[in-house]
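Chains, contacts and geometry: an overview
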Number of protein chains: 2
Amino acid sequence: MGVFIRPGNVFLADCPARLAIELLADKWSVVVIYGLSQGPRRHNELKALIGGVSSKVLAQTMRRLQRHGLVGRSALPEQPSITQYELTPLGQTLVEPVEMLSRWAERHGSDVLEAHGEQTDAVAVTSG
Amino acid sequence: MGVFIRPGNVFLADCPARLAIELLADKWSVVVIYGLSQGPRRHNELKALIGGVSSKVLAQTMRRLQRHGLVGRSALPEQPSITQYELTPLGQTLVEPVEMLSRWAERHGSDVLEAHGEQTDAVAVTSG
DNA sequence: CAGTATCCTCCTGGATACTG
DNA sequence: CAGTATCCAGGAGGATACTG
């Protein structure tokens, strides 16, 4: 039996679906979720895995994802401290879409780069 | 036979795959591509379809996607003018990932909203 | 190790008005 | 119809230094 509940769609402003898309529309969220798809990771593991991200921005990103229920965070009150991030069940539902996106990027990234600046309009000429 | 060419991966800074992800990391790109997945659309058709987008920002988004080879643009020199946008073959390769993301958002968007602000760390207590 | 604090810059994106 | 011009605010995100 298929589920046909549609709590809005991405074309409607301010509906949950649209807000969910906007949650992922930043530089790091997709990559972070992809990085967590294999299992829990610590802060510095993620930082080492994800090239170019700073400690500050990574922590920011993690907190946003945590606030929206995609990522869980557990901290051991050790010294030095140990933190673990992992996908929540809700976050797990994103693994498949995010993996598809990432695989697309790895296959077609170079095409996108090469296309840069080469585009021209197809101007149709009026006949007669 | 599978293709195993990997022009970088999304974890590497400044590699094409990462840049491709960043190309989509804005408020409108995913929704626009989803909106074009059924076929060509005119400027005002897209504007009507996509709630909340302004003419300016839509045009901006279309130009960026065009520059990177995901969207083609054809203009008839009519008065009033007629413009058509459609996915390029490269853009078509994004339809499946983008549809997955959108369907995820429509299914789980409300969960993401409800989760907002309810998150707490799972603080493990040291035993002994 | 896992962050914060601070500062700063760029860019996205919204509002409004105008054009061929 | 399909934009552009202009102005503007906010926030993402980078650099650096510091902390428990």
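It should be noted that the structure appears before, not after, this text.
Owing to the predicted nature of the structure, the values given are computational and were not obtained by experimental measurement.

Taken together, 21 residues surround DNA strand C, and among them R63, R73 and Y85 of chain A together with K27 and K56 of chain B come closest. If you look at DNA strand C and keep only atoms within 4 Å of the protein, 69% of those are sugar or phosphate atoms. Between DNA strand C and the protein, one listed contact pairs a phosphate oxygen with a side-chain N or O atom of R73 of chain A at 2.5 Å. With respect to DNA strand C, the side chain of Y85 of chain A contributes an N or O atom lying 2.6 Å from a phosphate oxygen. Counting only elements with at least two residues in the surface near DNA strand C, the list comes to helix 3 (43-49), helix 4 (55-67) and strand 2 (82-87) of chain A together with helix 4 (55-67) of chain B. With four residues, helix 4 of chain A is the single largest residue contributor to the surface near DNA strand C.

Here we take up the side chain of T83 of chain A. If you trace the backbone, T83 of chain A turns up in strand 2. Each residue touching T83 of chain A, except ones within four places of it in the same chain, is listed here: R41, R42, H43, R73, S74 and A75 of chain A.

Here we come to helix 6 (residues 95-115) of chain A. Residue and element names in this part refer to chain A. In this model helix 6 runs 29 Å from its N-terminal to its C-terminal C-alpha over 21 residues, within 8% of the 30 Å that 1.5 Å per residue would give. The axis of helix 6 is deflected most strongly, by about 55°, at H108. Phi for G117, located one or two positions after helix 6, is positive at around 85°.

Attention shifts here to the relation of the copies chain A and chain B. For the pair chain A and chain B, the relating rotation is 180°, the translation along its axis is 0.0 Å, and the fit reaches an RMSD of 0.0 Å. What we have between these two chains is a two-fold relation. Scanning chain A for the C-alpha nearest the rotation axis identifies A25 of chain A, at a separation of 2.2 Å. Interface overlap between copies is the fraction of interface residues in one copy that are interface residues in the other; for chain A against chain B it reaches 100%, indicating a shared surface.

So, on to unusual backbone geometry. Residues and elements named next belong to chain A. The linkage connecting Q79 with the following residue, P80, adopts the cis geometry, with an omega of 0°. Mapped onto the secondary structure, P80 falls in the loop between strand 1 (71-76) and strand 2. Phi at D14 takes a positive value of approximately 65°, unusual for a residue other than glycine.

Any pair of aromatic rings gets described here by the distance separating the centres and the angle formed by the planes. Within this structure, the stated rule accounts for two aromatic pairs over all chains. Considering the side-chain rings of F11 of chain A and Y34 of chain B, the 5.3 Å spacing of their centres and the 10° angle between planes classify their relative orientation as stacked. On the criterion of chain membership, the pair formed by F11 of chain A in the segment before helix 1 (16-24) and Y34 of chain B in helix 2 (residues 29-36) is interchain, its members lying in two chains. Residue classification places F11 of chain A among the buried residues on the basis of a relative accessible area of 16%. Among the residues examined, Y34 of chain B registers a relative accessible area of 14% and is labelled buried.

This paragraph deals with the protein's contact with DNA strand D. In the vicinity of DNA strand D, 20 residues are found, and the nearest of them are K27 and K56 of chain A together with R42, R73 and Y85 of chain B. Sugar and phosphate atoms constitute 65% of the interface atoms of DNA strand D, taking the interface as everything within 4 Å of the protein. Residue H43 of chain B places a side-chain N or O atom 3.2 Å away from a sugar or linking oxygen belonging to DNA strand D. In this structure, a phosphate oxygen belonging to DNA strand D sits 3.0 Å away from a main-chain N or O atom of N44 of chain B. Secondary-structure elements contributing two or more residues to the surface near DNA strand D are helix 4 of chain A together with helix 3 (43-49), helix 4 and strand 3 (82-87) of chain B. In terms of residue count, helix 4 of chain B provides more of the surface near DNA strand D than any other element does, four residues in total. Of the residues belonging to the surface near DNA strand D, the class tally is six nonpolar, seven polar and seven charged.

Calculation criteria
Residues numbered from 1 in each chain as written. Chains lettered and ligands numbered in written order. Predicted model: local features only at pLDDT ≥ 70, side-chain atom pairs only at ≥ 80, totals over all residues. Heavy atoms only, no water. Near = heavy atom within 4 Å. Polar contact = N/O pair within 3.5 Å; in protein donor to acceptor, adjacent residues only side chain to side chain. Helix = DSSP H or I, 4+ residues; strand = E, 2+ residues; numbered from the N terminus. Contact = heavy atoms within 4.5 Å. Expected span 1.5 Å × (residues − 1). Bend = angle between axes of the 7 residues up to and from the residue. Least-squares fit on C-alpha atoms with pLDDT ≥ 70 in both. Phe/Tyr/Trp six-rings, centres within 6.5 Å; stacked < 30°, edge-to-face > 60°. Buried < 20%, exposed > 50% of the residue type's maximum accessible area, 1.4 Å probe, protein only. Nonpolar A, V, L, I, M, F, W, Y, C, P; charged D, E, K, R; others polar.

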